[in-house]
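Structure assessment
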Amino acid sequence: MTKKIVVTGLGATTPLGGDVPTTWQALLAGESGISLLQDEWVKRFELPVAIAGKAKVPASEILTVQETKRLDPSSQFALIAAREAWADAGAPEVSPERLGVEFSTGIGGVWTLLDAYDTLRDRGVRRVLPMTVPMLMPNGPAAAVGMDIAARGGVRTAVSACASSTEAIANALDRLRSGELDIVVAGGCEQAVHPLPIAAFAAMHATSRNNENPAAASRPYDVNRDGFVMGEGGGAMVLETEEHALARGAKIYAELAGGSVTSDAFHITAPDPEGSGAARAILKALAQAGASTSDVVHINAHATSTPVGDIAEYTALLKVFGDQLPNIAVSATKSSTGHLLGGAGAIEAIFTVLAIKDRTAPPTLNLDNQDPEIPLDVVVTPRKLADGPIVAISNSFGFGGHNAVVAFRSYER
Amino acid sequence: MALSKDEVLAGLAELVNDETGIATASVQLEKSFAEDLDIDSISMMTIVVNAEDKFGVKIPDDEVKNLITVDDAVSFITNAQA
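Throughout what follows, the structure given in this document is the object of discussion. (Residues numbered from 1 in each chain as written. Chains lettered and ligands numbered in written order. Predicted model: local features only at pLDDT ≥ 70, side-chain atom pairs only at ≥ 80, totals over all residues. Heavy atoms only, no water.)

**Looking at the packing of helix α11 (residues 276-289) of chain A against helix α12 (residues 307-321) of chain A**
All names here are of chain A. As a reminder of what qualifies: Helix axes use the C-alpha atoms of the stretch in contact, all axes being lines fitted to C-alpha atoms, and the angles between their N-to-C directions lie in the range 0 to 180 degrees. Strands are runs of DSSP state E lasting at least 2 residues, helices are runs of H or I lasting at least 4, and numbering of each runs from the N terminus. Any angle from 65 to 115 degrees is called roughly perpendicular, while one under 35 is roughly parallel, one over 145 is roughly antiparallel, and all others are oblique. Crossing chirality is assigned from the near helix's rotation relative to the far helix, an anticlockwise turn below a right angle marking it left-handed and a clockwise turn marking it right-handed. Note on definitions: a residue-residue contact is assigned when non-hydrogen atoms from the two residues lie within 4.5 Å. Residue polarity is assigned by list, with Asp, Glu, Lys and Arg as charged and Ala, Val, Leu, Ile, Met, Phe, Trp, Tyr, Cys and Pro as nonpolar; anything else, Gly included, falls into the polar class.
α12 packs onto α11 with a crossing angle of 45° between their chain directions and a minimal axis gap of 8 Å. On the basis of their axis angle, the class for α11 and α12 is oblique. Classified by chirality, the crossing of α12 by α11 is right-handed. In this structure, α11 uses Ser276, Ala278, Ala279, Ile282, Leu283 and Leu286 to contact α12, whose residues at the interface are Ala316, Leu317, Lys319, Val320 and Phe321. Partitioned by chemical class, the residues of the contact of α11 with α12 number nine nonpolar, one polar and one charged.

As structure tokens, this is what we get:
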């Protein structure tokens, strides 16, 4: 019989709040985390995109001086999120050899790398910080989390652009189900609100240029959507075998019932317009969960607010759910948080877990004129979900044709 | 004009604080960087490079291993200014 894997701790730092309760409350209240960037470099480089979702609580307000000096900003978010999740899980006693970490970033230590290059160019080789390499490496966040909780069962980093942290959670599920580990801290983070990634995403016209009205810029499914809005932060969850969680009397939020990854092999950035790879990922996750499409009551969609991406995901959903799709409450929470890239899947998985636990689907902002091509039942004010056993999924897709889906189920012993 | 030893100590304490968060008052002449202040070699290298900028001196890499105590560093910098 397949082992049941459960969620026993949540942690996050996001554009909506410095922890999970604050973030969730702000999300349900319909707040936007998007604002006009105040950094001098926005004007210096004449960036066409001047908006982003900055972390509500700067990492420097939480971590020690040494931690902020030695960790890339992305790893700082990872550590904050993981510590909250770990404490929320009751700082479980577990054999270090049976404790693992799956922690992702989409882009890695971009601030460290580019700052170091500026230093080399402007101030010479001797001024390049000795910690530059461990700070910029993409496994830096996972390593920081692993050291913090003394995980010796293997610390890994899946990198698949904006699907990264959903893939991390799916990988955690595999490692727990196989019996290799008792607990995995899984999640993702990003801090790429730097002029170079902003310029690069703008060059490919992937991001919204609605600088005049930042809070309205991220508008999934709206006819006037014009791209995503970058966000920063991180999310983490403590995943545990049911057996281990029950033995220590842990509180259980939900069951992580399925997690799967597929790939399009279609185009490096464009989604497959048929949505075939995404549809397969959803079906695989549901099969792993032992769930049928009619069990699904809520979807936290990838829905970045790009013109083509939102439609491709809809096409995939229609393929999978068909006539049942109008009965499913769909939330596009990037409308509030912006797109955390490698951290997006982690915070959206947390929202999906909380939606199940609180039986409330969170709202989607800025849906003023729903695109007639995407006739989903989009949640615009917090909506009550059904009582009884329910399943909800969270989708993430990334450049490279990566599709990752996780399925959660309300927990019953 | 060259700084006095006290002035170098005060300036160095600020650099240590900036890098590690250790209170400036704890950075005293008799303290060992590694043993008493728990400053590792990586932080030490950063402090050294910042000290070069702040005090306008050169601290060769070979010299850094001899800077065991705060007094060692303050004396080296004070003399190097002259």
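From this point, the narrative continues.
**Comments concerning empty space enclosed by the protein**
Using a probe with the size of a water molecule, rolled over the atoms, empty space left in the structure can be pinpointed. Convention followed: Here a cavity is any set of points on a 1 Å grid over the protein atoms alone where a 1.4 Å probe fits but cannot get out, and a pocket is any open set with protein on both sides within 12 Å along at least 5 of 7 lines; a residue lines the site when it has an atom within 4 Å of a point. Grid points are joined across faces, edges and corners, and a volume is the space filled by probe spheres set on the points.
Scanning the entire structure with this criterion turns up two cavities of 30 Å³ or more. By volume, the largest cavity amounts to about 40 Å³. The wall of the largest cavity is formed by Leu12(B), Phe33(B), Met44(B), Ile47(B), Val48(B), Ala51(B), Ile59(B), Leu67(B), Ala73(B) and Ile77(B). Among the secondary structure elements, those contributing two or more residues to the lining of the largest cavity are α2 (41-55) and α4 (70-81) of chain B. In the lining of the largest cavity, the residues fall into 10 nonpolar, no polar and no charged. The computed volume of the second largest cavity comes to approximately 30 Å³. Lining the second largest cavity are Ala12(A), Val20(A), Thr23(A), Trp24(A), Ile347(A), Ile350(A), Phe351(A) and Leu354(A). Going through the elements one at a time, α1 (20-28) and α14 (344-358) of chain A are the ones with two or more residues in the lining of the second largest cavity. Per-element tally for the lining of the second largest cavity: the top contributor is α14(A), with four residues.

**A closer look at the packing of helix α4 (residues 73-88) of chain A against helix α7 (residues 140-149) of chain A**
Residue and element names in this part refer to chain A. Running from amino to carboxyl end, α4 crosses α7 at an angle of 35°, the nearest separation of the two axes being 8 Å. Between α4 and α7 lies a crossing whose hand is right-handed. On α7, the residues touching Ser74, Ser75, Ala78, Leu79, Ala82, Arg83 and Trp86 of α4 are Gly140, Pro141, Ala144, Val145, Asp148 and Ile149. Class assignment of the residues belonging to the contact of α4 with α7 gives a composition of eight nonpolar, three polar and two charged.

**Overview of the packing of aromatic side chains**
Residues and elements named next belong to chain A. As a reminder, the rule being used: Centre distance within 6.5 Å is the pairing criterion for rings of Phe, Tyr and Trp, where only the six-membered ring of Trp is used; planes under 30 degrees apart are then read as stacked, over 60 as edge-to-face, and the remainder as tilted. Burial classes: relative accessible area under 20% of the type maximum marks a residue as buried, over 50% as exposed, and values in between as partly exposed (1.4 Å probe, protein chains only).
Under the counting rule described, the total for this entry stands at four aromatic pairs over all chains. For the ring pair Phe201 and Phe399, a centre distance of 6.5 Å and an interplane angle of 50° mean the geometry is tilted. Here the residue Phe201 occupies a position in helix α9 (residues 195-203), and Phe399 occupies one in the loop between β13 (391-398) and β14 (402-409), the gap between them amounting to 198 residues. Taking the relative accessible area as the measure of exposure, Phe201 reaches 11% and is therefore buried. Clustering of aromatic rings is evident, with ring pairs tying together Phe201, Phe228 and Phe399.

**A closer look at the pattern of salt bridges**
Residue and element names in this part refer to chain A. The test is simple: The rule for a salt bridge is simple: a side-chain nitrogen of Lys or Arg has to be within 4 Å of a carboxyl oxygen of Asp or Glu.
Counting across every chain of the model gives 31 salt bridges over all chains. The salt bridge involving Arg175 is made with Glu102; its shortest N-O contact spans 3.0 Å. With Arg175 in helix α8 (residues 164-177) and Glu102 in strand β4 (residues 99-105), this pair connects stretches of sequence that are 73 residues apart. For the pair shown, Arg175 and Glu102 are each scored as buried.

**A short note on the pairing of β14(A)**
Residues and elements named next belong to chain A. Formally: Strands are treated as partners if at least two bridges between them are detected by DSSP.
Here β14 lies mainly inside the structure; seven of its eight residues are buried. Where strand β8 (residues 254-263) and β14 come together, eight bridges link them in antiparallel fashion. By the bridge assignment for β14, Ser263 is matched with His402. Across eight bridges, the pairing between β13 and β14 is antiparallel. Looking across to β14, one finds that Gly398 is bridged to His402. Remark: three residues form the turn of the hairpin made by β13 and β14, two consecutive strands paired antiparallel; Gly400 in that turn has positive phi of roughly 110°.

**With respect to α4(B)**
Helical periodicity: at 3.6 residues per turn, an α-helix aligns residues three or four positions apart in one direction. Residue and element names in this part refer to chain B. We count it as follows: Helix span, as expected, comes to 1.5 Å for every residue beyond the first. Along the arc lie the directions from the helix axis toward the C-beta atoms.
Over its 12 residues, α4 extends 17 Å from the first C-alpha to the last, a length consistent with the 16 Å expected when each residue adds 1.5 Å. Among all positions in α4, only Val70, Ala73, Val74, Ile77 and Thr78 are buried. For α4, the arc enclosing every buried residue in end-on projection is 125°, short of the 170-degree limit, so these residues lie on one face. Next to the buried residues of α4 lie α1 (5-20) and α2.

**Quick notes on the nonpolar core**
Residues and elements named next belong to chain A. The test is simple: Buried Ala, Val, Leu, Ile, Met, Phe, Trp, Tyr and Cys residues that are joined via side-chain atoms within 4.5 Å together make up what is termed a nonpolar core.
One finds Val7, Leu10, Ile169, Met237, Leu239, Val353 and Phe408 to be the most contacted residues of the largest nonpolar core, which totals 40 residues. Elements with a contribution of two residues or more to this core: β1 (5-13), α1, α8, β6 (183-190), β7 (233-241), β8, α14 and β14. For this core, the element with the highest residue contribution is α14, accounting for nine residues. Every residue in contact with Phe408, bar those within four places of it in the chain, is listed here: Val7, Met237, Glu255, Leu256, Ala257, Ala349, Thr352, Val353, Ile356, Ile390, Val391 and Ala392. In this structure, Leu317, Ala332, Val378 and Val405 belong to the second largest nonpolar core, which totals 32 residues.

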